[in-house]
Amino acid sequence: LKLQFLYLIVGTSFPAREQKMVKGYTPKNKQNRPELFTIDTTIHMHKYLKGRTFKKRAPFACKVVRKVAKTLMGTEDNRIEVRLNKAIWSQGVKGCPVRIRVRMERKRNEDDEAKNKLYTVASYVRVRKGDFKGLTTKRVSNDEE
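Note that the structure is a prediction, hence the values are computed from the model and not measured.

Student: Looking at this structure, how should I read the overall build of the chain?
Tutor: On a plain count of helices and strands, the chain comes out with four helices and five strands. Its helices and strands taken in sequence order, the chain reads α-β-α-α-β-α-β-β-β from the N to the C terminus. Relative to its 145 residues, the chain shows a buried fraction of 34%. Put simply, of all contacts in the chain between residues at least 6 apart along the chain, 69% involve residues at least 24 apart. For the chain, the exposed area adds up to about 10,600 Å²; of that, 50% sits on carbon and sulfur atoms.

The following block contains the structure:
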């Protein structure tokens, strides 16, 4: 409380804590990353959907996938593949899966008039319910042209 009061006196904003989106992964050397690459990651949906209104859970889960893609891949344009959308909605609007394995692939935008030159496509990787233990975020391939 005292720190917040000091920040108000000085006139600067209180530093917000950054929430880690995916457990065990911190993007290192953002400048040294290759332009095009693919990673597999597990998103713990329950962490974000707990307490969410039932009728808003599946739409919010799609927004969570986009937000994770933005933080991990560093792109503003993030797209969700049809199979991933079906997997999120498979148990209805309020029965989203607790965890979901996602493959995020950063691609180059072919459209010349596009605002962003890179975009990310998030696709579904099927994992059986009990097999999430030990899965970490890892790079799948190095696609360099």
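Student: Could you clarify how one ought to interpret helix H3 (residues 57-73) in this entry?
Tutor: The α-helix winds at 3.6 residues per turn, so residues separated by three or four positions along the chain end up facing the same way. For H3, built from 17 residues, the straight-helix expectation of 24 Å at 1.5 Å per residue is met to within 8% by its first-to-last C-alpha distance of 24 Å. Turning to H3, its buried residues number three or more, namely Arg57, Ala58, Ala61, Cys62, Val64, Val65, Val68, Ala69, Leu72 and Met73. Down the axis of H3, the buried side of the element spans an arc of 155 degrees, and every buried residue falls inside it. On its buried side, H3 packs onto strand E1 (37-44), helix H2 (45-49), strand E2 (77-80), helix H4 (82-89), strand E3 (99-108) and strand E4 (118-125). Where H3 terminates, the next one or two residues include Gly74, which has phi positive at roughly 75 degrees.

Student: Even after reading the chapter, I still don't get the pairing of E4, so can you show me in this structure?
Tutor: Each regular strand carries side chains that alternate between the two faces of the sheet. With seven of eight residues buried, E4 is to be regarded as a mostly interior element. In the sheet, E2 pairs with E4 via four bridges, with the strands oriented parallel. Bridging from a neighbouring strand, Asn78 pairs with Thr120 of E4.

Student: Looking at this structure, how should I read the packing of aromatic side chains?
Tutor: Centre distance and the angle of the planes are the two values used to describe a pair of aromatic rings. Overall, the coordinates contain zero aromatic pairs when judged by the stated rule. Positioned above the aromatic ring of Phe60, the side-chain terminus of Arg52 is 3.7 Å from the ring centre. Above the face of the Phe37 ring, Arg139 is positioned so that its terminal group lies 4.8 Å from the ring centre.

Student: I'm lost on the pattern of salt bridges in this one. Help?
Tutor: For side chains of opposite charge, pairing can occur when their charged atoms come near one another. Taken as a whole and assessed by the stated rule, the structure comprises six salt bridges. One salt bridge in this structure joins Glu35 and Lys117, with 3.6 Å as the shortest N-O distance. Of this pair, Glu35 sits in the loop between helix H1 (2-10) and E1 while Lys117 sits in the loop between E3 and E4, and the two are 82 residues apart along the sequence. Using a relative accessible area of 31% as the deciding quantity, one classes Glu35 as partly exposed. The class for Lys117 is exposed, based on a relative accessible area of 60%. Ionic pairing is found between Asp131 and Arg128, a salt bridge with its closest N-O pair at 3.5 Å. Since its relative accessible area comes to 65%, Arg128 is described here as exposed. Look at the salt bridges and you will find they share partners, linking Glu35, Arg108 and Lys117 into a network.

Scoring rules and cut-offs
Residues numbered from 1 in each chain as written. Predicted model: local features only at pLDDT ≥ 70, side-chain atom pairs only at ≥ 80, totals over all residues. Heavy atoms only, no water. Helix = DSSP H or I, 4+ residues; strand = E, 2+ residues; numbered from the N terminus. Buried < 20%, exposed > 50% of the residue type's maximum accessible area, 1.4 Å probe, protein only. Contact = heavy atoms within 4.5 Å. Areas by Shrake-Rupley, 256 points an atom, 1.4 Å probe, with all protein chains shown as cover. Expected span 1.5 Å × (residues − 1). Arc of directions from axis to C-beta. Pairing = 2+ DSSP bridges. Phe/Tyr/Trp six-rings, centres within 6.5 Å; stacked < 30°, edge-to-face > 60°. Lys NZ or Arg CZ within 6 Å of the ring centre and 35° of its normal. Salt bridge = Lys/Arg side-chain N within 4 Å of Asp/Glu carboxyl O.

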